[in-house]
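Results of the structural survey
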There are 2 protein chains.
Amino acid sequence: MSRSNPRVLNTLERAGGFASAQEVYRLMQREGQSIGLTTVYRALQSLVNDKIVDILRREDGEAIYRLCGDGHHHHLVCKGCGDTIEIEGGAVEKWAKSLAEEHGFRDVGHTAEIFGLCSKC
Amino acid sequence: MSRSNPRVLNTLERAGGFASAQEVYRLMQREGQSIGLTTVYRALQSLVNDKIVDILRREDGEAIYRLCGDGHHHHLVCKGCGDTIEIEGGAVEKWAKSLAEEHGFRDVGHTAEIFGLCSKC
DNA sequence: TATGATAATGATAATCATTTTCATTTGTGA
DNA sequence: TCACAAATGAAAATGATTATCATTATCATA
């Protein structure tokens, strides 16, 4: 029942490990890969089940899938052109962990994104 | 131009200060209040602009509106029961601001939420 | 009190991401 | 080759949110 289509995973990787289902689909289309939107959704969902990717939300509620595992990082996103810069967030990691422990939370994750207008926009 | 309809705010309060637009609308309907869905959305959006309520997301992406006190803060949310704790994020504020400036971004905002399982769940 | 400008309202239609349905294709083992 | 289960994807359904646009309420002023 492993629907973790390798082409989808590969595309997500090449997208910087950070993209929505629609974006993965459009990217594959543009590259001439033949795939259906449904399959993209199913593959991504399967990757989430297998804990290979993480799911979080954009400001408008659209789901974005993120390769998780070792290199945990955050993003600086331009609201104008959508350009994204990956950044390290050491301070945030510690902040999140200590606060969660302080309140007796376990199995803790966090999201932290910065958005604004880049110099070009 | 203040569209912060007081009936909507009042309903959100009575809903425990934590509900989606659809829920606020359905609640008002059930109570026999005559109001349109559009107005509910506009009123909630206006309350967000006025920083009277906060917007965050359910796991399925639906927006939930949340009465908040003054001041910018973040949330520690339980994935099990939905219980939410408001927290200060001094470290995060500085982190976001300095990183954004470093990359030449302006008009900057950020999100930072921590989620996990609380001690009860 | 009329009048008119402006803001507020809400029914309806449009949008957009996501999920369901279902028929078809593909892979695999007998 | 045959049969059968899993995978695929086109198209329709769903559900939240937003845009349109005509109508209605407000309110200052003539």
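The structure we're discussing is the one just above.
To start, this report covers the structure provided alongside it. (Residues numbered from 1 in each chain as written. Chains lettered and ligands numbered in written order. Predicted model: local features only at pLDDT ≥ 70, side-chain atom pairs only at ≥ 80, totals over all residues. Heavy atoms only, no water.)

Observations concerning the protein's contact with DNA strand D
Close to DNA strand D lie 16 residues; Thr39 and Arg42 of chain A together with Gln22, Tyr41 and Ala63 of chain B are nearest. Taking the atoms of DNA strand D that fall within 4 Å of the protein, sugar and phosphate contribute 57% of them. Taking serine 34 of chain A, its main chain carries an N or O atom lying 3.4 Å from a phosphate oxygen of DNA strand D. (Near = heavy atom within 4 Å. Polar contact = N/O pair within 3.5 Å; in protein donor to acceptor, adjacent residues only side chain to side chain.)

A short note on the pairing of strand β6 (residues 106–117) of chain B
Across nine bridges, the pairing between strand β6 (residues 106–117) of chain A and β6 of chain B is antiparallel. In the sheet register, arginine 106 of chain A faces β6 of chain B, and the bridge partner there is leucine 117 of chain B. Where strand β4 (residues 74–78) of chain B and β6 of chain B come together, four bridges link them in parallel fashion. Paired with histidine 75 of chain B across the two strands is glutamate 113 of chain B, which belongs to β6 of chain B. (Pairing = 2+ DSSP bridges. Helix = DSSP H or I, 4+ residues; strand = E, 2+ residues; numbered from the N terminus.)

Quick word on the nonpolar core
Of all hydrophobic cores here, the largest spans 24 residues; its most connected members are Trp95 and Ile114 of chain A together with Trp95 and Ile114 of chain B. Only β4 (74–78), α4 (90–102) and β6 of chain A together with β4, α4 (90–102) and β6 of chain B provide two or more residues apiece to this core. Setting aside its immediate chain neighbours within four residues, isoleucine 114 of chain A contacts His75, Leu76, Val77 and Ile87 of chain A together with Trp95, Ala96, Leu99, Ala100, Val108, Gly109 and His110 of chain B. (Core = buried A, V, L, I, M, F, W, Y, C linked by side-chain atoms within 4.5 Å. Buried < 20%, exposed > 50% of the residue type's maximum accessible area, 1.4 Å probe, protein only. Contact = heavy atoms within 4.5 Å.)

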